[in-house]
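Structural description and commentary
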Amino acid sequence: MSSITLTIDNKKVTAPEGQSILWAALDNDIYIPNLCAIRERTDPAASCRLCFVEVEGKPMPVTACTEPITEGMVVNTKGTESQSLARTALELLLASHPVDCGHCAANNSCELQKAAKHLGVKLNTKRYRKLLKELPIDDSSPIFIYDPNKCVLCGKCVWKCHELGIGAIGFAYRGFDRMVTSFAGQPIGQSNCNQCMECVSICPVGALVAKENT
Amino acid sequence: MTDFPPEITKEEMGKVSLFLSNINSTFSKERSNLIPILQEAQNRIGYLPHEAMLGIAEFLDIPDIDVYSVVTFYNQFRLNPPGKHSIRVCMGTACHVGGGTVIMDAWKRRLGIDKRQTTPDREFDLDTVACVGCCAMAPVTVIDEEVQGKISPTRVDGILLGYQIERKKESQSS
Ligand code: FES
Ligand code: FES
């Protein structure tokens, strides 16, 4: 595969052809906030809307995870417009997120915290009215805990579970009720989950955590 | 959220089996057939019991949860059997302003079920509608075909009491 040279935040970088801006940036130590991107995934979900960047010559900000790199492309990850879009998306997520980092197993490894810090957004954002989901925590699995209240609906666990041919969890309902669950909302421990823990390791926040870490 | 539809009846189970045994002749095993299959199943059975969803997932060779995802996403699909009486609480603009959510809460509390569910005795199912065209009577609840206007939580109690008395009479005469 041939490589492509482009500029991200005034830095000249090279990356393999076919890659998206997001991975080209991350591989070159330039952070772009992201929650839903999976490197191996060929059809990015592009659902978190945190990875907006500006590309010279494009009239509007684009999501870095879906935009393929091109030769000579000039990317700005700090544009006012793209950052304001990303901030809004993040604040909406935080508005329904129980911010209790001190008691959360994902504290300091949480992608929400990282994105908030980068974008200059307070975790206890006041811009939107707080609206929590207040769903029961699922501790039916012998080795992990699923807290749907902390879930940001990035879909990584769902993708992974399907990719592995298990398909124990998926999305259900829609709108504010949308959640990751197993068939008929039964506890995950009673589903066809085989406790591989792949969903736990891919979860960018503290929604899926190993029991031994709590 | 866990779904606890009332237990499937023998008759419904028969319909499920019949549907699943004939599914082959009407549909090919393509994933894109999922929605048409679900629609057909609901037409035949009246709703989508777990047994039907599991059978359909097996037929299409896809995870159960994928069927559940689609069923819970679209309003046209029901996870619960229709009750003997349908309660439709109007959530249109006028009824919303006139306290539609208070009325909805009253129904939920009295019936002990959530929106889009059916009482265990299958007497009532509860759902919302978006404006039934008589906003002047807001807040409105449609019971079976009949529009009831200016509903209040006490009216909800009254209406349910009416049904209780009716049922008592029926059981005495039979
Ligand atoms: S990482 Fe691009 S939209 Fe989520
Ligand atoms: S809004 Fe309820 S009848 Fe119009």
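Residues numbered from 1 in each chain as written. Chains lettered and ligands numbered in written order. Predicted model: local features only at pLDDT ≥ 70, side-chain atom pairs only at ≥ 80, totals over all residues. Heavy atoms only, no water.

**Side note on the interface of chain A and chain B**
Convention followed: We call two residues in contact when some of their heavy atoms are within 4.5 Å. Put simply, buried area is the surface a 1.4 Å probe can reach on two separate parts but cannot reach once they are joined, added for both. Each reported salt bridge corresponds to a side-chain nitrogen of Lys or Arg within 4 Å of a carboxyl oxygen of Asp or Glu. In protein, a polar contact means a hydrogen-donor-capable atom and an acceptor-capable atom, both N or O and within 3.5 Å, with residues adjacent in sequence counting only if both atoms are side-chain atoms; elsewhere, any N or O pair within 3.5 Å suffices. For the purposes of this entry, the term helix denotes a DSSP run of H or I that reaches at least four residues, the term strand denotes a run of E that reaches at least two, and both are numbered from the N terminus. Just so you know the grouping, Ala, Val, Leu, Ile, Met, Phe, Trp, Tyr, Cys and Pro go in nonpolar, Asp, Glu, Lys and Arg go in charged, and all remaining residues, Gly too, go in polar.
Taken together, the contacts link 18 residues of chain A with 15 residues of chain B. Note on chain A versus chain B: buried area summed over both sides is about 1,500 Å², and carbon and sulfur give 62% of it. The largest share of the area that chain A buries against chain B comes from Tyr173(A), Arg174(A) and Phe183(A), three residues that together contribute 48% of it. The interface formed by chain A and chain B holds zero salt bridges in total. The interface formed by chain A and chain B contains five residue pairs in polar contact (both at pLDDT 80 or more). Looking at the side of chain A that touches chain B, the elements that each hand over two or more residues are strand E7 (170-172) and strand E8 (179-181) of chain A. In terms of residues, the side of chain A that touches chain B owes the most to one element, E7(A), which gives three residues. Looking at the side of chain A that touches chain B residue by residue, the classes come out as eight nonpolar, seven polar and three charged.

**Brief notes about the pattern of salt bridges**
Residue and element names in this part refer to chain B. Definition in use: Any residue under 20% of the maximum accessible area for its type is buried, any over 50% is exposed, and the rest in between are partly exposed; the area is computed with a 1.4 Å probe on protein chains only.
Across all of its chains, the model carries 17 salt bridges over all chains by this definition. Measuring nitrogen to oxygen at the nearest pair gives 2.7 Å for the salt bridge that ties Glu-12 to Arg-122. Of this pair, Glu-12 sits in helix H1 (residues 10-26) while Arg-122 sits in the loop between strand E2 (117-118) and strand E3 (124-129), and the two are 110 residues apart along the sequence. Across the pair, exposure class does not vary: Glu-12 and Arg-122 are buried alike. Notably, a salt bridge pairs Asp-121 with Arg-167, separated by 3.5 Å at the nearest N-O pair. On the criterion of sequence distance, the pair formed by Asp-121 in the loop between E2 and E3 and Arg-167 in helix H7 (residues 153-173) is long-range, its members being 46 residues apart. Judged by relative accessible area, Asp-121 falls into the partly exposed class, the value being 43%.

**Observations concerning unusual backbone geometry**
Most peptide bonds adopt trans geometry, and most residues besides glycine take a negative phi value. Backbone torsion omega between Ala138(B) and Pro139(B) reads -5°, so that peptide bond is classified as cis. One non-glycine residue, Asp9(A), lies in positive phi territory at about 50°. Of note, Asp9(A) is situated in the loop between strand E1 (3-8) and strand E2 (11-16). Of note in the backbone geometry, Leu153(A) takes a positive phi value of approximately 60° without being a glycine. In this fold, Leu153(A) is placed in the loop between strand E6 (144-146) and helix H4 (156-163).

**Things to note about the sheet that holds E2(A)**
All names here are of chain A. Which entries qualify depends on this criterion: Following DSSP output, two strands are said to pair if at least two bridges run between them. Here the axes come from fitting lines to C-alpha atoms, over the contacting stretch only for helices, and the angles between their N-to-C directions go from 0 to 180 degrees.
On the basis of which strands lie adjacent, the open sheet formed by five strands has the order E2-E1-E5-E3-E4 and mixed pairing. In this open sheet, the two edge strands, each paired with only one partner strand, are E2 and strand E4 (62-63). Alignment of strand E3 (residues 52-55) against strand E5 (residues 74-76), held across two bridges, turns out to be antiparallel. Bridging across to E5, Glu-54 finds its partner in Asn-76. In the packing of helix H2 (residues 80-95) onto the sheet, contacts are made with E3 and E5, and the angle to E3 comes to roughly 165°.

**Re the domain arrangement of chain A**
All names here are of chain A. To keep things clear, this is the line we draw: The domain limits used here are those given by an automatic or database domain assignment.
Taken as a whole, chain A is organised into domain 1 (1-132) and domain 2 (133-214). The distance between the C-alpha centroids of domain 1 and domain 2 comes to 23 Å. Every contact between the two is made by 20 residues of domain 1 and, on the other side, 18 residues of domain 2. Taking both sides of the interface into account, the surface hidden between domain 1 and domain 2 amounts to around 1,600 Å²; carbon and sulfur atoms contribute 67%. Three residues stand out in domain 1 for area buried against domain 2, namely Leu-35, Ile-38 and Leu-132, and they jointly supply 29% of the buried area on that side. Put simply, domain 1 and domain 2 have one salt bridge between them. Glu-40 is the partner of Lys-160 in a salt bridge, and the nearest nitrogen-oxygen pair spans 4.0 Å. Counting across the interface, domain 1 meets domain 2 through three residue pairs in polar contact (both at pLDDT 80 or more). Partitioning the side of domain 1 that touches domain 2 into residue classes produces 13 nonpolar, four polar and three charged.

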